[in-house]
Amino acid sequence: MAAAEGPTGDGEPWQSWLPNHVVFLRLREGLKTHGPAEAEKPASSPSPSSPPPLTRNLVLGLGGDLFLWDGDGSAFLVVRLRGLGGAGDEPSLSQYQRLLCINPPLFEIYQVLLSPTQHHVALIGIKGLMVLELPKRWGKNSEFEGGKLAVNCSTTPIAERFFTSSTSLTLKHAAWYPSELLDPHVVLLTSDNVIRIYSLREPQTPTRVIVLSEAEEESLILNKGRAYTASLGETAVAFDFGPLSAVSKSMFGQKGKGDVLAHPLYILYENGETFLTYLSLAHSPGTVGKLLGPLPMHPAAEDNYGYDACAILCLPCVPNILVIATESGMLYHCVVLEGEEEDDQVSEKSWDSRTDIIPSLYVFECVELELALTLAAGDDEPCDSDFSCPIKLHRDPKCPSRYHCTHEAGVHSVGLTWIHKLHKFLGSDEEDKDSLQELAAEQKCFVEHILCTKPLPCRQPAPIRGFWIVPDILGPTMVCITSTYECLIRPLLSTVHPVSPPLLCTREDAAAAESPLRILAETADSFEKHIRSILQRSVANPAFLKSADRDMAPPPEECLQLISRATQVFREQYILKQDLAKEEIQRRVKLLCDQKKKQLEDLSYCREERKSLREMAERLADKYEEAKEKQEDLMNRMKAVLHRFHTQLPVLSDSERDMKKELQLIPEQLRHLGNAIKQVTMKKDYQQRKMQKVLSPQKPAITLSAYQRKCIQSVLKEEGEHIREMVKQINDIRNHINF
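All values reported here derive from a predicted model rather than from experimental measurement.

### Structural notes on the overall build of the protein chain
- When helices and strands are counted, the protein chain shows 11 helices and 35 strands.
- Per-residue burial over the protein chain gives 38% buried out of 739 residues.
- Contacts in the protein chain between residues far apart in sequence, at least 24 positions, make up 61% of those at least 6 positions apart.
- With an accessible surface of roughly 45300 Å², the protein chain has 55% of that area assigned to carbon and sulfur atoms.

### Description of the pairing of strand E34 (residues 487–491)
- In the sheet, strand E33 (residues 477–481) pairs with E34 via 5 bridges, with the strands oriented antiparallel. The residue of E34 that forms the bridge with Met478 is Arg490.
- Between E33 and E34, which pair antiparallel one after the other, the connecting turn spans 5 residues, and Tyr485 there sits at a positive phi close to 60°.

### Some points on helix H10 (residues 654–695)
- Taking 1.5 Å as the rise per residue, H10 with 42 residues should run 62 Å; its terminal C-alpha atoms sit 60 Å apart, in good agreement.
- Along H10, the helix axis deviates most sharply at Ile666, where the bend reaches about 25°; the proline Pro667 sits within four residues downstream.

### With respect to the sheet that holds strand E14 (residues 194–199)
- If you walk across this open sheet you meet the 4 strands as E12-E13-E14-E15, and the pairing is antiparallel. Looking at the sheet topology across the chains shown, the edges are occupied by strand E12 (171–176) and strand E15 (202–211). Each strand of the sheet is rotated relative to its neighbour by a mean of 25°, with strand direction disregarded.
- For strand E13 (residues 185–190) and E14, the ladder comprises 6 bridges, and the chain directions are antiparallel. Across the sheet, residue Thr190 finds its bridge partner in E14, namely Val194.

### A few points about the side chain of His412
- For His412, the location among the structural elements is in strand E30 (residues 410–415).
- One polar contact links the side chain of His412 to the main-chain carbonyl oxygen of Glu370, over a distance of 3.4 Å.
- If near-sequence neighbours (up to four positions away) are discounted, His412 is found in contact with Leu369, Glu370, His404, Cys405, His407, Val447, Glu448 and His449.

### Some details on the packing of aromatic side chains
- Within the structure shown, the criterion is met by 8 aromatic pairs.
- Ring centres of Phe239 and Phe241 lie 6.2 Å apart, and the angle between their planes is 85°; on these two criteria the pair is classed as edge-to-face. Neither Phe239 nor Phe241 differs from the other in exposure class; each is buried.
- Ring centres 4.0 Å apart and planes at 25° place the aromatic pair Phe364 and Trp418 in the stacked group. Of this pair, Phe364 sits in strand E27 (residues 360–368) while Trp418 sits in the loop between E30 and helix H5 (419–427), placing them 54 residues apart in sequence.
- Counting every residue linked through ring pairs, the aromatic cluster contains Phe67, Trp69, Phe76 and Phe144.
- A cation sits over an aromatic face here: Arg137 above Phe144, 4.1 Å from the ring centre.

### Some thoughts on the nonpolar core
- With 27 residues, the main nonpolar core has Tyr266, Tyr278, Leu322 and Cys334 as its most contacted residues.
- Secondary-structure elements contributing two or more residues to this core are strand E17 (236–241), strand E19 (259–269), strand E20 (274–280), strand E24 (309–315), strand E25 (321–326), strand E26 (330–337) and E27.
- Cys310, Val323, Leu369 and Leu416 belong to the second largest nonpolar core, which has 24 residues in total.

### Some details on the environment of Gln118
- Within the secondary structure layout, Gln118 lies in the loop between strand E5 (109–114) and strand E6 (120–125).
- The partly exposed category is assigned to Gln118, whose relative accessible area is 43%.
- Remark: the alpha-carbon pair of Gln118 and Leu134, spanning 16 residues in sequence, is separated by 8.3 Å.
- Those residues in contact with Gln118 that sit more than four places away from it in its chain are Leu62 and Leu134.

### Points about a negative patch on the surface
- A cluster of like negative charges, contributed by Glu615, Glu618, Asp622, Glu625, Glu626, Glu629, Glu632 and Asp633, occupies part of the molecular surface.
- Looking at the element boundaries, Glu629 is found in helix H9 (residues 556–647).
- Assessed through its relative accessible area of 54%, Glu629 is described here as exposed.

### Digging into the sheet that holds strand E7 (residues 128–133)
- Across the sheet, 4 strands lie side by side as E5-E6-E7-E11; this open sheet has antiparallel pairing. Looking at strand neighbours, the two that pair on one side only are E5 and strand E11 (155–158), the edges of this open sheet. With strand direction ignored, the average angle separating the axes of adjacent strands in the sheet is 25°.
- Both E5 and E6 contribute to a ladder of 5 bridges, which runs antiparallel. Paired with Gln111 across the strands is Ile124, a residue of E6.

Cut-offs and rules
Residues numbered from 1 in each chain as written. Predicted model: local features only at pLDDT ≥ 70, side-chain atom pairs only at ≥ 80, totals over all residues. Heavy atoms only, no water. Helix = DSSP H or I, 4+ residues; strand = E, 2+ residues; numbered from the N terminus. Buried < 20%, exposed > 50% of the residue type's maximum accessible area, 1.4 Å probe, protein only. Contact = heavy atoms within 4.5 Å. Areas by Shrake-Rupley, 256 points an atom, 1.4 Å probe, with all protein chains shown as cover. Pairing = 2+ DSSP bridges. Expected span 1.5 Å × (residues − 1). Bend = angle between axes of the 7 residues up to and from the residue. Axes fitted to C-alpha atoms, helices over the stretch in contact; angles between N-to-C directions. Polar contact = N/O pair within 3.5 Å; in protein donor to acceptor, adjacent residues only side chain to side chain. Phe/Tyr/Trp six-rings, centres within 6.5 Å; stacked < 30°, edge-to-face > 60°. Lys NZ or Arg CZ within 6 Å of the ring centre and 35° of its normal. Core = buried A, V, L, I, M, F, W, Y, C linked by side-chain atoms within 4.5 Å. Patch = residues over 30% accessible without salt bridge, like charges linked within 9 Å, V, L, I, M, F, W, Y side chains within 5 Å. Salt bridge = Lys/Arg side-chain N within 4 Å of Asp/Glu carboxyl O. Lys, Arg positive; Asp, Glu negative; His and termini not counted. Charge placed at Lys NZ, Arg CZ, Asp CG, Glu CD.

Here's what the structure looks like:
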C-alpha cells in the first residue's frame with residue numbers, strides 16, 4: 001500500500017504511474033476476498049450446456065478520466081490521468097472518486113457504454129440494462145461535485161418489468177441511438193429476435209419495436225426465390241448504426257418525393273446474413289423503414305463467409321464499410337454500395353423499383369486473427385489446437401480507419417490504410433484507371449496483436465475486463481485491465497492515423513518551392529516505402545498473460561513450444577526481415593556510392609571545363625579590347641579621309657552654303673549692334689549727368705509734386721528695363737561673334 005500511495009514527479013507521464021495506482025490494488029483485494037470461486041472457474045472445464053463466457057468491457061474514458069466498474073461495490077472508480085494534485089503539490093496515487101449507484105443493479109454487469117451526449121452510462125448485463133446519470137462537475141479541477149470522494153448517482157432501469165417477467169429471455173446486444181441532439185434512447189436486441197428502442201423518459205415502454213423473425217410479408221423485401229422461416233434457427237446476434245444519410249420517404253411507407261434523414265441499422269444474423277433497415281427518431285414516436293435483406297455479398301461464397309458470425313461494426317465513413325467478425329477469428333471488410341437491377345435484387349411486389357433496390361456488400365478483404373498462438377505440434381498432441389470464441393468489435397475514438405477486437409484470448413487492433421484510396425476512386429467522375437490501380441496495389445490492413453491471454457493451447461484463457469484508447473500527444477495508447485485487475489499500457493502503431501486538420505496559420509502558396517528530397521520521398525516507388533514494405537510484419541509477439549490459476553504450472557513441453565514459437569516469430573518476422581532490409585540498404589548504398597563516385601568525376605571534369613572556359617573568356621576579352629581599339633582607330637582614319645575628300649570637292653555642299661550665308665549676315669548685324677550700343681552709351685551718359693544734378697547738395701529750385709515724382713519714377717523704370725534688354729542683346733551678339 002505504501003508503494004502504491006507514493007507520490008510521483010510533476011513531469012512524469014501518466015503511463016508510468018497509472019499501473020501502481022491504489023484503485024487496482026483495491027480491486028485486486030476485492031477479487032481475493034469475495035471472488036475465490038470465480039478464480040476457480042477458468043481452471044474447471046465448462047459443461048457442454050453452459051453458455052460461452054462473455055467478453056467483458058468494464059472500462060471507459062471521458063476526457064482525462066478513467067472509469068473502472070467495481071462489481072463488488074456496484075460503483076465506478078474514477079481516476080484522473082491529468083492535473084492530479086494542486087498547484088505545487090505532487091500528485092498522489094491514492095486520489096480517486098467513487099460514483100455510487102442509488103439503486104444498484106441486481107444482475108451482473110459485463111459491459112459499460114457511454115452515451116453520445118456523454119451524460120449517461122449504460123450498465124449492460126445478460127438479464128437487464130440500467131442507465132447511470134453522471135453527476136455535475138465544478139471546482140478547480142472540474143471534478144464530480146467539486147471533488148467529493150463518494151458521489152451518489154441516480155440510476156434508471158430499462159425494461160425492468162419485461163426482463164423480470166420473461167425469465168428465459170436474455171439481452172444479446174445493446175447500444176445507444178447515435179444522436180447528440182435528441183433525448184437519449186437505448187436500442188436492445190433480445191434473444192426472442194426482436195429489437196426494442198427505449199427512451200429514458202419512458203424506460204418501461206418501448207418507443208419502437210422491430211420484429212425480425214415473424215414479420216409480415218409487406219415489411220420484408222426478399223431476394224427472388226428465397227424464403228425466410230424462423231424455424232431454421234436464424235437469429236440476430238448483433239447490430240450497428242451507420243452515419244446519417246438521406247432516405248426516400250417511400251422507404252418508410254410515406255407518400256411524397258422528399259427525403260428523410262435516418263440512420264442505417266445493419267443487423268447481423270448468426271448464419272452470416274446481414275439485413276438493413278433505416279431508423280429515425282427525430283419525430284416522435286420515431287420512424288422505422290422496411291427491412292431489407294439479406295444483403296447479397298460479392299464475390300459469392302458457398303458457405304456465405306461462415307456460419308458463426310458474432311459481431312458487426314460500421315465504420316464512420318461514406319460509403320459505409322462493414323466489419324463482420326466470426327467466432328473462428330475471420331474478419332470481413334465489406335463496402336456497402338448500391339445494388340443494380342440486373343443482379344435480381346428487386347422485389348417482385350413493389351411498384352417503385354427505385355426504392356426496393358437492395359444494397360450489396362462487396363468483400364474487399366478477409367483477415368484471419370490469431371486468437372490463440374499457433375505452436376509447433378509435437379509427437380503427441382493431447383489438446384485440440386483449434387480455438388474459437390466470440391469477438392467484440394470497438395470503434396477507435398479518434399481514428400475512423402481503425403478499430404479494435406476483444407475476445408477471450410486477447411486484444412487485436414486493425415487499421416485500414418486503403419480507405420482514402422477508395423474515397424479517391426469513388427470520388428472521381430469518370431473511371432480513373434490510375435486510382436483503380438493504386439487501390440488494387442494498396443497494402444492490406446495492418447493487424448496488431450496487442451495482448452494474448454491464451455499463450456498455451458491446453459490452458460484456459462484469462463480474458464480482460466476492459467480496455468480504453470487514450471489519445472496522447474505521442475500517439476494513441478491502449479489501456480488494458482486484465483482479469484486480475486492489472487493495468488497494461490501498450491502504444492498503438494503510428495502507421496494508421498487520422499488526417500490532421502489544417503492549421504489556421506497555413507496558407508496554400510502555389511509558388512512556394514518544395515524540397516526535392518520531400519518530392520522523392522513522396523513518390524510511389526520511393527526507397528523508404530520499399531524498406532517499410534520489407535519490414536512489415538504479418539505476425540507479432542503480443543504481451544502474454546496466463547490463467548488466474550497459479551497452482552497449475554505449465555509443463556516444460558508447452559513452455560518449450562511457446563519459447564520456440566516466440567523465437568520463430570522473432571527470427572522470421574524481425575531478424576530475417578531486418579537482414580533483408582539490411583541487404584537492400586547495403587545494395588542501395590553501393591549503388592549510391594558508385595553514383596557518387598561518378599558524380600565526383602563529372603564534377604571534377606566540369607571544374608576543369610569551367611577553368612578552361614574562364615581562360616578562354618579572358619583571351620577573348622583581350623582580343624575584343626584590341627579589336628575595339630583598332631575599330632576606333634579605323635573610324636577616326638575614315639573620318640579624316642572623308643573630311644579631306646570633302647575639302648577637295650570644287651562645289652560647296654549645302655551645309656557650307658548655309659554657313660556662308662550666315663557669315664555674310666554677321667557684318668550687317670554687327671553694324672546694327674554698334675549703333676544700338678552708341679545709343680545706349682549716350683543715354684547712359686545723359687542719365688549720369690541727371691543723377692549728378694540730383695545728388696548735388698544744392699537745393700533744387702523747382703519743387704515737384706507727388707504726382708510728378710511718381711510719373712518720373714515710372715519713366716525711369718521703363719527706361720532702365722529698356723536699357724537692360726539692350727545690354728542683354730549686346731552681350732548675346734558678342735558671344736555669337738566670338739563663337
